[in-house]
Amino acid sequence: MATLLIVHHTPSPNCQALFEAAVSGATTDEIEGVRVERRAALAATASDVLAADGILLGTPANLGYMSGALKHFFDQVYYPCLDETRGRPFGYYVHGGNDVTGAVRAIESITTGLGWRRATDAVTVTGEPAKADIEACWELGATLAAGLAD
Ligand SMILES: Cc1cc2nc3c(=O)[nH]c(=O)nc-3n(C[C@H](O)[C@H](O)[C@H](O)COP(=O)(O)O)c2cc1C
């Protein structure tokens, strides 16, 4: 069975809403044959990534970058995963107060370094998530999971 790993930093209710939507999409009954594993970014390990067939990342924008927690995740997994995870499909959402540009740039840069393949558009949200933002995160989860389905 394929595994989709969700690595997220979720420090607030608005981030939680996006996370829950992504999980809901990834675990929808319409998609079979995909195990969805969730890990807080500060707890996720290289072993989690090596065992995953696809990765969904979620983070707030902090100080013009991804969260320190997601940065810590990448610091931990980068070299242990570099050889074996090239080509892995991934996707991500970023939540911010007003400007997520730096966080998006950082995620694109580090995943390019890893050789991961973005399988669907990034979801970027500022402020309180609208219904369309929640739906976009649901689609993000569903699209990544469907891409791994039998
Ligand atoms: C230290 C700190 C730095 C932040 N930096 C940014 C930033 O660079 N860009 C941005 O859009 N939001 C920034 N924010 C806002 C967070 O992204 C936002 O608080 C987080 O996504 C949670 O959303 P919420 O507060 O609406 O629940 C920052 C928040 C904190 C606490």
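What counts and what doesn't
Residues numbered from 1 in each chain as written. Predicted model: local features only at pLDDT ≥ 70, side-chain atom pairs only at ≥ 80, totals over all residues. Heavy atoms only, no water. Buried < 20%, exposed > 50% of the residue type's maximum accessible area, 1.4 Å probe, protein only. Helix = DSSP H or I, 4+ residues; strand = E, 2+ residues; numbered from the N terminus. Pairing = 2+ DSSP bridges. Axes fitted to C-alpha atoms, helices over the stretch in contact; angles between N-to-C directions. Parallel < 35°, antiparallel > 145°, perpendicular 65-115°, else oblique. Left-handed = near helix turned anticlockwise from the far one by under 90°. Contact = heavy atoms within 4.5 Å. Nonpolar A, V, L, I, M, F, W, Y, C, P; charged D, E, K, R; others polar. Near = heavy atom within 4 Å. Polar contact = N/O pair within 3.5 Å; in protein donor to acceptor, adjacent residues only side chain to side chain. Core = buried A, V, L, I, M, F, W, Y, C linked by side-chain atoms within 4.5 Å. Patch = residues over 30% accessible without salt bridge, like charges linked within 9 Å, V, L, I, M, F, W, Y side chains within 5 Å. Areas by Shrake-Rupley, 256 points an atom, 1.4 Å probe, with all protein chains shown as cover. Salt bridge = Lys/Arg side-chain N within 4 Å of Asp/Glu carboxyl O. Lys, Arg positive; Asp, Glu negative; His and termini not counted. Charge placed at Lys NZ, Arg CZ, Asp CG, Glu CD. UniProt positions renumbered as here; feature names shortened; annotations may be inferred. Expected span 1.5 Å × (residues − 1).

Q: Is there a simple way to explain the pairing of strand S1 (residues 2-8) in this structure?
A: Regular strands place their side chains on alternate faces of the sheet. Judged by how many residues are buried, S1 sits mostly within the fold: seven of seven residues are covered. Covered by surrounding structure in S1 are Ala2, Leu4, Ile6 and His8 together with Thr3, Leu5 and Val7, the residues of both alternating faces. Where S1 meets strand S2 (residues 34-40), seven bridges bridge the pair, whose relative direction is parallel. Pairing of Leu4 across the sheet is with Val36, part of S2. Here S1 runs beside strand S3 (residues 54-62); their pairing, made up of five bridges, is parallel.

Q: What am I meant to see in the packing of helix H3 (residues 68-82) against helix H4 (residues 101-114) here?
A: At a minimum axis distance of 10 Å, the contact between H3 and H4 shows a crossing angle of 15 degrees. Taken together, the axes of H3 and H4 lie roughly parallel to each other. The interaxial crossing formed by H3 with H4 has left-handed handedness. Here H3 contributes Leu70, Phe74, Tyr78 and Leu82 to the contact with H4, which in turn contributes Ile107, Ile110, Thr111, Gly113 and Leu114. By residue class, the composition of the contact of H3 with H4 is seven nonpolar, two polar and no charged.

Q: Would you mind going over the site of the ligand with me for this structure?
A: Near the ligand there are 13 residues, and of these Ser12, Ala61, Leu63, Gly64 and His95 occur at the shortest range. A distance of 2.7 Å is found between an oxygen atom of the ligand and a backbone nitrogen or oxygen belonging to Gly64. Asn98 places a main-chain nitrogen or oxygen 3.0 Å from an oxygen atom of the ligand. Of all the secondary structure elements, the ones that give two or more residues to the shell around the ligand are helix H1 (13-26), S3 and strand S5 (89-96). Broken down by element, the residue count for the shell around the ligand peaks at three residues, all from S3. Tallied by class, the residues present in the shell around the ligand amount to four nonpolar, eight polar and one charged.

Q: Explanation requested: the nonpolar core in the structure shown.
A: Generally speaking, a soluble globular protein has its nonpolar side chains buried in company with each other. In terms of nonpolar packing, the biggest core is built from 29 residues, with Val7, Leu57, Leu70, Phe73 and Phe74 touching the most fellow members. Secondary-structure elements contributing two or more residues to this core are S1, helix H2 (46-50), S3, H3, S5 and H4. Looking at this core element by element, the count peaks at eight residues for H3. What Leu70 contacts, discounting residues up to four positions off in sequence, is Val7, Ala41, Leu57, Thr59 and Ile107. Core analysis: the second largest hydrophobic core is formed by 22 residues, Phe19, Ala21, Leu56 and Leu148 among them.

Q: Sorry if this is basic, but what is going on with a negative patch on the surface here?
A: On the surface, Asp29, Glu30, Glu32 and Asp150 cluster together into a negatively charged patch. Here Glu32 falls in the exposed class, since its relative accessible area comes to 61%.

Q: Sorry if this is basic, but what is going on with the UniProt feature "domain: NADPH-dependent FMN reductase-like" (unreviewed entry) in the protein chain here?
A: UniProt marks residues 37-102 with the feature "domain: NADPH-dependent FMN reductase-like" (unreviewed entry), using the numbering shown here. Taken end to end, residues 37-102 is 33% helix and 35% strand, and its two terminal C-alpha atoms sit 27 Å from one another.

Q: Would you mind showing me how to read H1 here?
A: Side chains of residues three or four places apart in an α-helix project in the same direction, reflecting 3.6 residues per turn. Over its 14 residues, H1 extends 20 Å from the first C-alpha to the last, a length consistent with the 20 Å expected when each residue adds 1.5 Å. Here H1 has its buried residues at Cys15, Leu18, Phe19, Ala21, Ala22, Val23, Gly25 and Ala26. Its buried side turned inward, H1 meets S1, S2, S3, S5, strand S7 (123-126) and helix H5 (131-148).

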